[in-house]
Every structure is written in C-alpha cells, then in structure tokens.
Amino acid sequence: MKLLQLSATDLRKQLAGPGVWLRTGPFSLKVQSKLPRVAEGLLELYGQFEVRDPNLAFADFHVEINSPGLLRRWFRPQVNFSFDGEQPFKPLPLDQAYPMLEWGLNWCISMHAHQYLIIHAGVVEKNGLAAILPAPPGSGKSTLTAGLVLSGWRLLSDELTLIDRKTGLIRPLPRPVSLKNESIPLIREFSAEAFINRASHDTSKGTVAHMRPPKESVRRQHESARPGWMIFPKWTADSPATLTPRSKAQTFMFLAQNAFNYSQLGADGFRVGTHLIEQTECYDFQYSRLEQAITTFNQLADRALDSNAA
Amino acid sequence: MLRFQIKCFGDEAVVFDTASGDTHYLAPLTYALYTTSRKHPEMNACEAPVKLARMFNVAADASFTKLTDEAMSSLQHIGLLSRL
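### Quick look at the overall build of chain B
Looking only at helices and strands, chain B features 3 helices and 3 strands. Ordered by position in the sequence, the α and β elements of chain B form the string β-β-β-α-α-α. The C-alpha atoms of chain B give a radius of gyration of 13 Å, which matches the 12 Å a tight globule of 84 residues would have. By principal-axis analysis of the C-alpha atoms, chain B measures approximately 40 × 25 × 20 Å. With 84 residues in all, chain B has 25% of them scored as buried. Of all intrachain contacts in chain B linking residues separated by at least 6 positions in sequence, the fraction that spans at least 24 positions is 32%.

This is the structure in structure tokens:
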C-alpha cells in the first residue's frame, strides 16, 4: 500500500497514535507526530512510498517529532526530534517541524547505517551509471540534483550517498530534495512538474523547502546503480559549464574527510573508498546556468552509453 | 594484515595506516621516492635526489634536493620509510 492511499484524516490519526511505517530505500521508519505540519509534509512528499501496518512491521528507525510541552505549544512554539526516545538535537521553532524531520532522518541513517560507506553527496543515475555530487554547502549541489532529476536522471539521493560495502554499488535513498533560498524559486521556474512544499524560514540554512522525489525514482528505489562519476559542482556567476578532470588521489582524500563514517569503518572504509574512486571518472564542474549543466551531464551519460555499446 | 595499505592512482597514492587509522596522501614526488626506496633499498639520502631528478627529468639542484628532503621527512613521519 502507498502512503497516498491513506486519507488525510487516517494519516493524522496514525501519526498521532501508533505511527506511520514507511519504506525509504533500504530502510524502514516509524514516524509519530501530533503536528499537522508533519502530516502535511508526509502527504505532499511521501505519497508514492510504501506504508505498512505500524503494529506489525519491523522498523529500523523509530522517530517522533512533537512539541516539547504544553507551554511551548503557545509561547514561541517549538518542536523536538526524538529517536528511540532520545533527543539528539535542541528544539527548533514549530515552523521548522518538517525540515527537522528530514534532518533527523539523515542523522539516523548517517549515524547508524554502517553497512554502507556514507558520503555527504547528492547522487543521480542515467543509463545505469551514477554521478556522485559531493560538495560543500552553497555550491549548488541540491539545485543541480533537482534540475537533473527533473530532466530525466533518476534520483538516488539528495544528501546521503550509500555505497554498499559488499558490492560497491550505490543503494538508492530517493527522499525529498532539500532546496534552500534562491534555489526554491529557481527550481519552481525551471520545471512546472516540480512540487515543492511550503518553505520554512529562518532556519540555520536560511529558507528551506523540499521537492517531492519523482515517482519513477521512488518506484525504482530498490535498484542499485554502478558508480560512474565523482563530480564536484560549483555554481560560479557567468561561468560556462566546464568539466575539469581532477586528481583521483585527492578526490579520495576529500571522500575520506567528508564521508560520515569513513573513520568508523577502518581498513574496510579505505578498501571501499579506493575501489569507488578506481571505478569513477573524477571532475570539478563549474556552471552558472542549469540548462547548460544538464546538457553537459547528458553528454557524459551518452558518452558512457556509446562506449559500453562499442 | 600489513600495517600500511597503499593504493596508487597514476603518479599519486593514498595510504591507510591500520595502526593509527590515519589516511595519508602521497604527492607524485613523495610517491616516487617511496617506490624508488623500495626498489633500491641500498639507496642513501644523497643518492635519492639524483635518482629522482633523473626520473622527473629535472636538475638535481638545491631546491629539488630540499623538496626531496621534505618528501623523505613526510614518509619517515608516516612510518613508510626508515632513515636512508
């Protein structure tokens, strides 16, 4: 059963009661919340995701997002994120309830799913090959990810690239794409198909909203992808779309420093990471116009398809 | 398991030290010094810049010798090279 088959009333009741069980990529979640904003966010963004009876199905992560107490419901209302009854973060304003759920879920996965090497990077796929987009905040990674998935690339993940330690393949985790500040109107203008939920303002990242993952990406969320490219995007005003090859060894060092759990994995993190770099072409990528960036990515994917056919 | 796991990418390499959990980057000169010292264990500190300069097709002048000394120090610091 898909989440969109639940009525809004049933979803709210389940969320406030036993919780909603959801499957996202390789993980199952149980989410509980009495907040209408959380129900609204799930309805708008997770409609295509599988749900099951929360009383019967096992869940990897049990999370709750609720107001801390009676007083805080009325005076500067706040929300708390709980994982297995613990609160790993300070409360945030009520307006940030939905993004806090997404951030909290990212935290749950990056802190616990050590069967994967987890890189802080967007990742998209075309013609069977995945492009990993690691980049610091403000580099235009999420905007580019959103643009690509609205142009025929499959969304594997917006934030967390999961490298399966056994197979070296990338496991999809196609959750909503987090957009910030100028990216929100830019993506709305870029595609009429993009559904972006209501924005939360004054967060630590500025204004934040989430884009619904494409139906096809969710449908294929159990199909792993082979790593093809590691591309470091950087939005630069007036720059033509330019790919520049970069050192593989230095790309590995970036990965080692920026993966969430490289140090926890020890020698196996090194093995998985070096194998990943060995398989991928590594580039720096400067761009200013999303359309040009997408053309460049399509050329890469077409070239890979041609060389596979040859 | 060996203490050091090394993976080369072209003329550079990365090294994982299983004893400390640290990961190191070896730039082309450092990696060349490491491989040369493994190939020629008899090589001494004075011969190293000469051999490497020949490999990189540059003059073994004072500045190159200084770069080689720095590469040697970094390999010694990591533990990949005992004193030549």
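Still more ground to cover, so stick around.
### Observations regarding helix α6 (residues 183-190) of chain A
All names here are of chain A. Within α6, the full set of buried residues consists of Ser-183, Ile-184 and Ile-187. Take α6 and look down its axis: the buried residues cluster within an arc of 100 degrees, on one side only. Turned more than 90 degrees away from the buried face of α6, the exposed residues are Pro-185 and Glu-189. Packed against the buried residues of α6 are α5 (141-149), β12 (177-180) and β14 (206-211).

### Things to note about the sheet that holds strand β6 (residues 92-93) of chain A
Residues and elements named next belong to chain A. Spatial strand order, β3-β1-β2-β4-β5-β6: 6 strands in an open sheet with mixed pairing. In this open sheet, the two edge strands, each paired with only one partner strand, are β3 (51-52) and β6. By the bridge criterion, 4 bridges tie strand β4 (residues 61-66) to strand β5 (residues 78-83) in an arrangement that is antiparallel. The residue bridging Glu-64 from the neighbouring strand is Ser-82, located in β5.

### Notes on the environment of Ser-178 of chain A
Residue and element names in this part refer to chain A. Relative to the helices and strands, Ser-178 resides in strand β12. On a C-alpha basis, the gap between Ser-178 and Ala-146 in space is 8.8 Å, while along the polypeptide they are 32 residues apart. Setting aside chain neighbours within four positions, we find Ser-178 in contact with Glu-102, Ser-142, Asp-158, Glu-159, Val-208 and His-210.

### Describing the pairing of β4 of chain A
In this structure, strand β2 (residues 27-32) of chain A lies alongside β4 of chain A, joined through 4 bridges in parallel fashion. Its bridge partner being in β4 of chain A, Leu-29 of chain A is matched across the sheet by Phe-61 of chain A.

### Side note on the interface of chain A and chain B
A common measure of how large an interface is: the accessible area buried when the components associate. Every contact between the two is made by 13 residues of chain A and, on the other side, 13 residues of chain B. Contributing elements (two or more residues each) for the side of chain A that touches chain B: α8 (248-258) and α10 (267-279) of chain A. Among the elements that line the side of chain A that touches chain B, the one with the most residues is α8 of chain A, at 6 residues. Looking at side-chain class alone, the side of chain A that touches chain B contains 7 nonpolar, 5 polar and 1 charged residues.

### Describing the environment of Leu-169 of chain A
Residue and element names in this part refer to chain A. Note that Leu-169 resides in the loop between β10 (160-164) and β11 (170-171). Each C-alpha atom, one on Leu-169 and one on Ser-263, is 20 Å from the other, the two residues being 94 residues apart in sequence. Each residue touching Leu-169, except ones within four places of it in the same chain, is listed here: Asp-164, Ser-224, Ala-225 and Arg-226.

### With respect to the sheet that holds β14 of chain A
Residues and elements named next belong to chain A. Taken together, the 3 strands give an open sheet; going across it, the order is β12-β14-β13, and neighbouring strands pair in antiparallel fashion. Each edge of the sheet is formed by a strand with only one pairing partner; in this case those strands are β12 and β13 (200-203). With direction set aside, neighbouring strand axes in the sheet form an average angle of 35 degrees. Summarising the sheet, β13 and β14 pair through 2 bridges and their orientation is antiparallel. When the bridges of β14 are listed, Thr-203 appears paired with Gly-206. Taken strand by strand, α5 contacts β12 and β14, and its axis lies near 125 degrees from that of β12. The sheet contacts of α6 involve β12 and β14, and relative to β12 the element is tilted by about 115 degrees.

### Some details on the environment of Ile-65 of chain A
All names here are of chain A. The topology assignment puts Ile-65 in strand β4. As for Ile-65 and Phe-83, which are separated by 18 residues in sequence, their C-alpha atoms are 9.0 Å apart. Not counting chain neighbours up to four residues away, the residues in contact with Ile-65 comprise Ser-33, Leu-35, Val-38, Val-79, Phe-81, Ala-97, Met-100 and Leu-101.

### Some remarks on α10 of chain A
A rise of 1.5 Å per residue sets the reference length of α10 of chain A, with its 13 residues, at 18 Å; its end C-alpha atoms lie 19 Å apart and thus fit the reference within 8%. Among the residues making up α10 of chain A, those that are buried are Gly-269, Phe-270, Val-272, Gly-273, Thr-274, Leu-276 and Ile-277 of chain A.

How each quantity is defined
- Residues numbered from 1 in each chain as written.
- Chains lettered and ligands numbered in written order.
- Predicted model: local features only at pLDDT ≥ 70, side-chain atom pairs only at ≥ 80, totals over all residues.
- Helix = DSSP H or I, 4+ residues; strand = E, 2+ residues; numbered from the N terminus.
- Rg over C-alpha atoms; globule rule 2.2 N^0.38 Å.
- Buried ≥ 20, exposed ≤ 12 C-beta atoms within 10 Å, placed from the backbone.
- Contact = placed C-beta atoms within 7 Å.
- Arc of directions from axis to C-beta.
- Pairing = 2+ DSSP bridges.
- Nonpolar A, V, L, I, M, F, W, Y, C, P; charged D, E, K, R; others polar.
- Axes fitted to C-alpha atoms, helices over the stretch in contact; angles between N-to-C directions.
- Expected span 1.5 Å × (residues − 1).

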